[in-house]
Amino acid sequence: ICGLPAWGIFGVVTTFRKFTRAAELKLDYTAPDRCGGLSFFGAALVKFSVVTLAEGGLIATYILMASWTRESNPWVQLVMWSWIVFPFLLSLLVLLVPALDLNRMLRRYRQDMERDLKSKCAVLRRRIEENSGAADLERLHGEYGYLCSRREEVHGMRNWPFSLGATTTFAGAFVSNLVIAVELGKTLFGA
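Overview of the structure.

Calculation notes
- Residues numbered from 1 in each chain as written.
- Predicted model: local features only at pLDDT ≥ 70, side-chain atom pairs only at ≥ 80, totals over all residues.
- Heavy atoms only, no water.
- Helix = DSSP H or I, 4+ residues; strand = E, 2+ residues; numbered from the N terminus.
- Expected span 1.5 Å × (residues − 1).
- Polar contact = N/O pair within 3.5 Å; in protein donor to acceptor, adjacent residues only side chain to side chain.
- Contact = heavy atoms within 4.5 Å.
- Buried < 20%, exposed > 50% of the residue type's maximum accessible area, 1.4 Å probe, protein only.
- Core = buried A, V, L, I, M, F, W, Y, C linked by side-chain atoms within 4.5 Å.
- Patch = residues over 30% accessible without salt bridge, like charges linked within 9 Å, V, L, I, M, F, W, Y side chains within 5 Å.
- Areas by Shrake-Rupley, 256 points an atom, 1.4 Å probe, with all protein chains shown as cover.
- Salt bridge = Lys/Arg side-chain N within 4 Å of Asp/Glu carboxyl O.
- Lys, Arg positive; Asp, Glu negative; His and termini not counted.
- Charge placed at Lys NZ, Arg CZ, Asp CG, Glu CD.

1. What about helix 3 (residues 74-130)?
Helix length check: helix 3, at 57 residues, gives a terminal C-alpha distance of 80 Å against a target of 84 Å (1.5 Å per residue), a fit within 8%. The opening residue of helix 3 is Asn-73, an N-cap whose side-chain oxygen sits 2.7 Å from the backbone nitrogen of Trp-75.

Below is the structure:
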């Protein structure tokens, strides 16, 4: 579509949707990214979305700088602005649809891990309360402390695959491209 890789965007969204539904995917709450090991997907989505925005900026520049026959006609203006807005919508689509799927997957994993660790902690608490042997009691307290620290790690896990830097990058690119399109529109229409 006029140089915009709309089919590539569709391919990325479809691939991510299939990936997030894969049952054999192993997440790890101890991953350094605090996102189950999936933050690199968030970074990739942001980069692809920013490229789409850059292409949208180029399309907006071309549309707004080229001369148009009947540019004062409301239907022509509607078509022009539709083509300007289209890449912005695609960049949001390629960012948000896979991210929502990843968010759903991460939330489900986090809930399952929290439920599992909570039940293990409850069993250990009962064993501690029932146990009167000092040596065994120390071991049980050690296991309980370990499980509690694991629960804290799971609780601290992010549900979104984006880091603060990736979010800032996308927001900056989106706003700057939007400002460019609006300013070009103002010069074109003399507003």
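From this point, things continue past the structure.
2. Brief notes about the side chain of Asn-159
Looking at where Asn-159 falls in the secondary structure, it is placed in the loop between helix 4 (134-155) and helix 5 (164-189). Apart from residues lying up to four places away in sequence, Asn-159 is in contact with Leu-102, Asn-103, Leu-106, Arg-107 and Arg-110.

3. A few points about the environment of Ile-128
Relative to the helices and strands, Ile-128 is located in helix 3. The exposure class assigned to Ile-128 is buried, which follows from its relative accessible area of 15%. As a C-alpha pair, Ile-128 and Arg-139 span 11 residues in sequence and 9.6 Å in three-dimensional space. Apart from residues lying up to four places away in sequence, Ile-128 is in contact with Leu-137, Leu-140, His-141 and Tyr-144.

4. Side note on the nonpolar core
Formed by 35 residues in total, the largest nonpolar core has its most connected members in Leu-38, Leu-45 and Leu-102. Taken together, the elements giving at least two residues each to this core come down to helix 1 (6-20), helix 2 (39-65), helix 3, helix 4 and helix 5. Considering every element that reaches this core, the biggest residue donor is helix 3, with 15 residues. For Leu-102, the contacting residues outside a window of four places in its chain are Phe-16, Phe-19, Thr-20, Leu-38, Phe-41, Leu-45, Asn-159 and Pro-161. Grouped together as the second largest cluster of nonpolar side chains are seven residues, Ala-60, Leu-64, Val-76 and Met-80 included.

5. Quick look at a positive patch on the surface
A surface patch of like charges, here positive, comprises Lys-118, Arg-125, Arg-126 and Arg-151. Sort the elements by how many residues they give to the positive patch and helix 3 lands first, with three residues. Given the relative accessible area of 36%, Arg-125 is considered partly exposed.

6. Description of the pattern of salt bridges
Within this structure, the stated rule accounts for four salt bridges. With a closest N to O distance of 2.8 Å, Arg-104 and Asp-101 form a salt bridge. A residue pair is termed a helical-turn pair when its members lie 3 or 4 positions apart in one helix, as Arg-104 and Asp-101 do in helix 3 at three residues. You can call Arg-104 partly exposed: its relative accessible area is 38%. Residue Asp-101 is classed as buried on the basis of its relative accessible area, which comes to 4%. We note a salt bridge from Lys-120 to Asp-116, for which the minimum N-O separation is 3.6 Å. Of this pair, Lys-120 and Asp-116 both sit in helix 3, four residues apart, roughly one helical turn. The class of Lys-120 is partly exposed, set by a relative accessible area of 37%.

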